Amino acid sequence: MSDRVWLFDTTLRDGEQSPGYSMTLDEKLRMAAMLDDMGLDIIEAGFPAASRGDFEAVYKVSEQTQNAIVAGLCRAVQKDIEAVIEATKPATRKRIHTFISTSELHMKHKLQATPERVLELIHESVSFARNHCEDVEWSAEDATRTSHDYLCKAVETAIAAGASTVNIPDTVGYTVPEEYFALIKMLKDRVPNIDRAVISTHCHNDLGLAVANSLAGIRAGARQIECTINGIGERAGNASMEEIVMTCRTRQDVMPYETGIKTEMIMPASRLLTDITGFSVQPNKAVVGANAFAHESGIHQDGMLKNAQTYEIMTPESVGRDRSDLVLGKHSGRNAFRTKLQALGYNLDDAALNAAFDRFKDFADRKKKVSDDDLILIVTSKDGLPEERVEFISLGVKSGSYGPQEAELTVKIDGAKKTAKATGKGPVDACFKAMRVLVPHDAAMLSNYELRALTHGSDAKGEVNIRLTENGQNFNGTGIDTDVIVASCRAYIDALNRMLSARDAAPRKATAN
Ligand code: KIV
Ligand code: ZN
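Residues numbered from 1 in each chain as written. Chains lettered and ligands numbered in written order. Predicted model: local features only at pLDDT ≥ 70, side-chain atom pairs only at ≥ 80, totals over all residues. Heavy atoms only, no water.

*Asks:* Mind showing me how you'd approach the pattern of salt bridges here?
*Replies:* Any two side chains of opposite charge can pair, on the condition that their charged atoms come close. The final tally for this structure, using the stated rule, is 29 salt bridges. With a closest N to O distance of 3.0 Å, R145 and D142 form a salt bridge. Overall, the relative accessible area of 0% leaves D142 in the buried class. Where salt bridges share partners, they join R13, D14 and E44 into one cluster. (Salt bridge = Lys/Arg side-chain N within 4 Å of Asp/Glu carboxyl O. Buried < 20%, exposed > 50% of the residue type's maximum accessible area, 1.4 Å probe, protein only.)

See below:
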């Protein structure tokens, strides 16, 4: 059996499905380009029948993808399958991924169908898909809670109808490695036509076992893993791509499997996703967390200085991280700028680099920290970055245990200085209310607020990430300051500026078409 394991990325489908993680079309395209460049074998770009937006995303990802197979998800329903056929039309390599539940619980309560009827539906849906596309994947939703005899029949039916990949999801994150190993082995031993298909894993992380279960599946004979960047996904998420890839790479002695991933692009991909979604990963997250390569204790630091292998099982460079995580700002030089862009996967010629550097300087003058997302915009937008119509000037707050708390906020709006006062449940709430008085935006809601310390001690700098959502569109903002209320205001203004520039651009787009 080959040692090559196919990586099927579902960041844009299962990942995007989780609360707060929805992405705009442009964000999905940027993420998909990164996934394609870094060597993912299959990109599941969405669920085309779910909405017009999902359909368009799968279509556009299909148009731009150069290397990977583009997959679209569908239920065992003809109109869903047709939507995938249409949406993946422009793709050079395409896959229809159809699924149906096979556990007694799901068949009875969710599908309200008998096991016999579900077998018929598997046959009908896979045959229909196979008549339109050579590459069909079939998934047994809730496979890990399905009776073995029935799962064998269902898998055999799907393969006989033309599925070339059979996916065995642990939909509810319930299994454990030994059990999942035995399940995959059982299918290999008992399903008569199993040699005609690749077995795939799709493990959720409800018990924190998604990666361990996926790897157990591979050891038992599966050769495709479904995973996401940063492990995002429904509820507790999916198996994290970076953990799987780095486990195989670091422990070739016990996990002798190959993937096609350029591991130096792991960190840039992780950062791109956090910049797009506004959700950072926890600091101790394996491979991509802020502390994954940090050594705090004296004994560890001493060992590291003598020989890095004393406390490091992989190098930060191998996953695209700098030892001194490079943060760009207005004092950064051309060299640091070039290095950072290379880490993000952009190798510009001298002329393009100089032009982008000028735009960067301009932008950095206005912002304390330039995020990876900003840098990508700086590189990719020919017209430069959107104007910042709202500028932070000053803030005074009355805070403490006797409410209501008060804020007096002064900003410049299109060059004119304005001040507003407001009260709220806490100083942040008061500031944001003052912001709404200064720039009315009733239809927008605050859909995410995160605060973290960037440095140590009581004088640490705080970073605030916020997200505003208006008419289904998300606008992320970041603010940094030693005063966390000021950082909150800066983050809000950053998101607001992005929202205002999208509003300004909207009529122009309409007339251009
Ligand atoms: O978790 C699951 O079962 C799924 C399927 C649709 C593959 O996401
Ligand atoms: Zn899933």
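That was the structure; now back to the text.
*Asks:* Help me understand the packing of helix α2 (residues 25–38) against helix α3 (residues 52–64), please; the structure alone is not making it clear to me.
*Replies:* Each pair of packed helices can be summarised by the angle the axes make with each other and by the distance between the axes. Relative to each other, α2 and α3 sit at 35°, their axes nearing to 10 Å. Here the hand of the crossing between α2 and α3 comes out right-handed. On α3, the residues that touch L25, K28, L29, A32 and A33 of α2 are D54, E56, A57, K60, V61 and Q64. Counted by class, the contact of α2 with α3 contains six nonpolar, one polar and four charged residues. (Axes fitted to C-alpha atoms, helices over the stretch in contact; angles between N-to-C directions. Helix = DSSP H or I, 4+ residues; strand = E, 2+ residues; numbered from the N terminus. Left-handed = near helix turned anticlockwise from the far one by under 90°. Contact = heavy atoms within 4.5 Å. Nonpolar A, V, L, I, M, F, W, Y, C, P; charged D, E, K, R; others polar.)

*Asks:* I keep staring at the nonpolar core and nothing clicks. Help me out?
*Replies:* Generally speaking, nonpolar side chains in soluble globular proteins are found buried as a group. In terms of nonpolar packing, the biggest core is built from 109 residues, with L7, W138, V155, V166 and I168 touching the most fellow members. The greatest single-element share of this core, amounting to eight residues, is contributed by helix α7 (residues 148–161). Counting contributing residues per domain, this core is built from domain 1 (6–277) and domain 2 (294–380), each supplying no fewer than three. In contact with V166, not counting residues within four places along its chain, are W138, V155, A158, I159, I194, A197, V198, I199 and S200. One finds L409, V411, L468 and F475 within the second-largest nonpolar core, a separate group that totals 31 residues. (Core = buried A, V, L, I, M, F, W, Y, C linked by side-chain atoms within 4.5 Å. Domains from an automatic or database assignment.)

*Asks:* What's the story with the sheet that holds strand β11 (residues 416–424) in this structure? I'm lost.
*Replies:* Sheet strands pair by backbone hydrogen bonding; their relative direction is either parallel or antiparallel. Strands sit in the order β9-β10-β11 across an open sheet of three strands; the sheet is antiparallel. Since the sheet does not close on itself, it has two edges, and those belong to β9 (390–398) and β11, each with one partner. Taking the axes of each pair of neighbouring strands and ignoring which way they run, one obtains an average angle of 20° across the sheet. With nine bridges connecting them, strand β10 (residues 405–413) and β11 associate as antiparallel partners. When the sheet's bridge partners are listed, A407 is paired in β11 with A422. Docked against the sheet, helix α16 (residues 427–438) engages β9, β10 and β11, running at close to 135° with respect to β11. (Pairing = 2+ DSSP bridges.)

*Asks:* Quick question: what am I supposed to make of the site of ligand 1 here?
*Replies:* In the region of ligand 1, the neighbouring residues are R13, D14, H97, F99, S139, E141, N167, P169, T171, H202 and H204. Within the contact set of ligand 1, an oxygen atom lies 3.1 Å away from a side-chain nitrogen or oxygen of D14. Considering ligand 1 on its own, with 260 Å² of exposed area, one finds that the protein chains cover 94% of that surface. Looking at the shell around ligand 1, the elements with two or more residues in it are α1 (11–15), β4 (94–101), β5 (136–141) and β6 (165–170). (Near = heavy atom within 4 Å. Polar contact = N/O pair within 3.5 Å; in protein donor to acceptor, adjacent residues only side chain to side chain. Areas by Shrake-Rupley, 256 points an atom, 1.4 Å probe, with all protein chains shown as cover.)

*Asks:* Would you explain the domain arrangement of the protein chain in this entry?
*Replies:* When the parts of a complex come together, some accessible area is lost, and that lost area is often used as the size of the interface. In terms of domains, the protein chain is made up of domain 1 (6–277), domain 2 (294–380) and domain 3 (390–512). On the side of domain 3, four residues touch domain 1, which itself brings eight residues to the contact. Its largest share of buried area at the contact with domain 3, domain 1 owes to S22, T24 and T277, together 62% of the area lost on that side. Put simply, domain 1 and domain 3 have zero salt bridges between them. Class assignment of the residues belonging to the side of domain 1 that touches domain 3 gives a composition of two nonpolar, four polar and two charged. (Buried area = accessible area lost by both parts, 1.4 Å probe.)

*Asks:* Looking at this model, I keep getting lost on the packing of α3 against helix α4 (residues 78–87). Mind explaining?
*Replies:* Following both chains from N to C, one finds α3 and α4 inclined at 35°, their axes separated by 8 Å at the closest point. Listed contacts from α4 to F55, V58, Y59 and S62 of α3 are A83, E86 and A87. Looking at the contact of α3 with α4 residue by residue, the classes come out as five nonpolar, one polar and one charged.

*Asks:* Looking at this model, I keep getting lost on the sheet that holds strand β13 (residues 462–470). Mind explaining?
*Replies:* Strand order in the open sheet formed by three strands is β12-β13-β14, with antiparallel pairing between adjacent strands. Every interior strand has two partners, whereas the edge strands, β12 (445–453) and β14 (473–481), have only one. Averaged over all pairs of adjacent strands, the angle between strand axes in this sheet comes to 15°, irrespective of strand direction.

*Asks:* What is the right way to look at the coordination of the zinc ion (ligand 2) in this model?
*Replies:* Bound to the zinc ion (ligand 2) are the protein donor atoms D14 (OD), H202 (NE2) and H204 (NE2), situated 2.0 to 2.2 Å from the metal. Of the residues examined, H202 reaches a relative accessible area of 5% and is grouped as buried. Overall, H204 belongs to the buried group, its relative accessible area being 4%. (Donors = N, O, S within 2.8 Å, 3.2 Å for Na, K, Ca; no water.)

*Asks:* What is the right way to read a nonpolar patch on the surface from this model?
*Replies:* The grouping of L446, Y449, L451 and V484 at the surface amounts to a nonpolar patch, some 300 Å² of accessible area in total. A per-element tally of the nonpolar patch places β12 first, with three residues. By relative accessible area, which is 35% here, L446 ends up partly exposed. (Patch = residues over 30% accessible without salt bridge, like charges linked within 9 Å, V, L, I, M, F, W, Y side chains within 5 Å.)

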